[in-house]
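Here's the letter readout for the chains.
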Amino acid sequence: MANFKRSSAGSVEDGFEDSLQYFNVFPYEKESKDMALKYGSVVQRFIYLLYVCCTKIPFIGRNDLWMSYIERTIERYGLFFTGAADEARRIPSLRAKNIFIRGYFADKANFDHIRPILLSEITPKYPCLDDNRDLYEAAKRKNSVCVSVRRGDYLSEEYKKDFYVCDEDYFKKAIQIIREKTDHPTLIFFSDDIEWVKENMSYDDIPCFYESGKDPVWEKLRLMYSCHHFIISNSTFSWWAQYLGRREDKIVISPSRWFANPQWHSNLIDESFITIEV
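### Here's the deal with the overall build of the protein
Working step 1: Looking only at helices and strands, one finds 11 helices and eight strands in the protein.
Working step 2: Taking all 278 residues of the protein together, 42% fall into the buried category.
Working step 3: A total of about 16200 Å² of accessible surface is found on the protein, and carbon and sulfur atoms cover 51% of it.

### Re the pattern of salt bridges
Working step 1: For the structure on display, the rule yields 13 salt bridges.
Working step 2: Residue Arg150 is joined to Asp153 by a salt bridge in which the shortest nitrogen-to-oxygen separation is 2.8 Å.
Working step 3: Taking relative accessible area as the criterion, Asp153 reaches 35% and is therefore assigned partly exposed.
Working step 4: Between Glu211 and Lys220 there is a salt bridge, with its nearest N and O atoms 2.8 Å apart.
Working step 5: Overall, the relative accessible area of 14% leaves Lys220 in the buried class.
Working step 6: Linked through salt bridges whose partners overlap, the residues forming this network are Arg150, Asp153 and Asp192.

### Re unusual backbone geometry
Working step 1: One non-glycine residue, His184, lies in positive phi territory at about 50°.
Working step 2: Here His184 is to be found in the loop between helix 8 (168-181) and strand 4 (186-191).
Working step 3: By relative accessible area, His184 is classed as exposed at 75%.

### What to know about the sheet that holds strand 4
Working definition: the strands of a sheet are paired by backbone hydrogen bonds and lie parallel or antiparallel to each other.
Working step 1: Read from one edge of the open sheet, six strands run 5-4-3-6-7-8, paired in parallel fashion. The open sheet has two edge strands, strand 5 (208-210) and strand 8 (274-276), and neither has a second partner. Between one strand axis and the next, the sheet turns through 20° on average, direction left out of account.
Working step 2: Where strand 4 and strand 5 come together, three bridges link them in parallel fashion. Note on strand 5: the bridge partner recorded for Leu187 is Cys208.
Working step 3: The strands touched by helix 10 (residues 217-225) are strand 3 (144-149), strand 4 and strand 6 (229-231); relative to strand 4, the strand with the most contacts, the crossing angle is about 150°.

### Description of the nonpolar core
The nonpolar side chains of a soluble globular protein tend to be buried with one another.
Working step 1: Counting residues in each nonpolar core, the largest one holds 33 residues, and the members touching the most others are Ile188, Leu221, Phe230, Ile232, Trp239 and Leu244.
Working step 2: Elements with a contribution of two residues or more to this core: helix 5 (115-121), helix 6 (133-139), strand 4, helix 10 and helix 11 (236-243).
Working step 3: Among the elements that make up this core, the one with the highest residue count is helix 10 (five residues).
Working step 4: Every residue in contact with Phe230, bar those within four places of it in the chain, is listed here: Val145, Cys146, Met224, Tyr225, Ala241, Gln242, Gly245, Lys250, Ile251, Val252 and Ile253.
Working step 5: Val145, Val197, Ile251 and Ile276 belong to the second largest nonpolar core, which has 23 residues in total.

### Looking at the state of the cysteines
Working step 1: For the coordinates displayed, the defined rule picks out zero disulfides.
Working step 2: We note that Cys54 lacks a disulfide partner, and the nearest cysteine sulfur, in Cys53, lies 7.0 Å from it.
Working step 3: Residue classification places Cys54 among the buried positions, given a relative accessible area of 12%.
Working step 4: Of all cysteine sulfurs, the one in Cys227 lies closest to Cys146, which takes part in no disulfide; the gap is 4.9 Å.

### Considerations on the environment of Val197
Working step 1: Mapped onto the elements, Val197 comes out in helix 9 (residues 194-200).
Working step 2: Classification of Val197 by relative accessible area gives buried; the value is 0%.
Working step 3: The spatial distance from the C-alpha of Val197 to the C-alpha of Tyr210 is 8.4 Å, given a sequence separation of 13 residues.
Working step 4: Contact partners of Val197, with chain neighbours within four places excluded, come to Val149, Phe189, Ser191 and Tyr210.

### Quick look at empty space enclosed by the protein
Working step 1: Applying the stated criterion across every chain, the model contains one cavity of 30 Å³ or more.
Working step 2: Counted as a void, the largest cavity has a volume near 50 Å³.
Working step 3: Every residue lining the largest cavity is listed: Val149, Arg150, Arg151, Tyr164, Cys166, Asp167, Glu168, Phe171 and Trp196.
Working step 4: By residue class, the composition of the lining of the largest cavity is five nonpolar, no polar and four charged.

The rules behind each value
- Residues numbered from 1 in each chain as written.
- Predicted model: local features only at pLDDT ≥ 70, side-chain atom pairs only at ≥ 80, totals over all residues.
- Heavy atoms only, no water.
- Helix = DSSP H or I, 4+ residues; strand = E, 2+ residues; numbered from the N terminus.
- Buried < 20%, exposed > 50% of the residue type's maximum accessible area, 1.4 Å probe, protein only.
- Areas by Shrake-Rupley, 256 points an atom, 1.4 Å probe, with all protein chains shown as cover.
- Salt bridge = Lys/Arg side-chain N within 4 Å of Asp/Glu carboxyl O.
- Pairing = 2+ DSSP bridges.
- Axes fitted to C-alpha atoms, helices over the stretch in contact; angles between N-to-C directions.
- Contact = heavy atoms within 4.5 Å.
- Core = buried A, V, L, I, M, F, W, Y, C linked by side-chain atoms within 4.5 Å.
- Disulfide = S-S within 2.5 Å.
- 1 Å grid on protein atoms, 1.4 Å probe; cavity = no way out; pocket = protein on both sides within 12 Å on 5 of 7 lines; lining within 4 Å.
- Points joined across faces, edges and corners; volume = space filled by probe spheres on them.
- Nonpolar A, V, L, I, M, F, W, Y, C, P; charged D, E, K, R; others polar.

Right under this line is the structure:
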């Protein structure tokens, strides 16, 4: 893939930042301009502008069949786009000079063949923070369990109907499975609402640790993937934590569906996961 560049998701002021800068990834460049127009060939620029125009025409842009046909047509010219809730579509092998990729690509088939490289590169540049030494040591224990509790905007009226699937009952069932399948587990909770977790998810017979919720992304991810087993939410962050987990005998428990919206699909639920009906 020639001249690969990464476009940042947005400004820090908008709540986004380029988190890859904190990891030992292959050198890359950031570009804030439209890369297809800046780096594309004449044909690619024309095709891209045609695509943009089509998305703005109501009877085409809102028609799934039309857009699916158009997107698959432009792929042959090295432009590959997909949405967040599309069924996973795999990046094609093309010989265009520049290939432009935009999307979520929530299917490990796109990158499973380079997993060893990802395990090497997606490691923080910095040592564990002093405040997290005990937590880090707990994560490295034999039967540590990363429990990812995603709440936040999933509980809002705007997003609940599409995303909220992991309720309290889900986590109770998942922890019971861990009790049955592991000896002397240690639960380590990670959440965007850690105070709620502390109040509602504690167990007298299982050691429990709680990440502060204030750690930088590189520290949080390392703490999570250092665990042995995983109880994940329908959160891509927790999915990546389990994917980067080093243990080959790990247990991963997930919801049976990724979205509450029945019209949305995802390939993030691996056949090796233990799923709980939600």
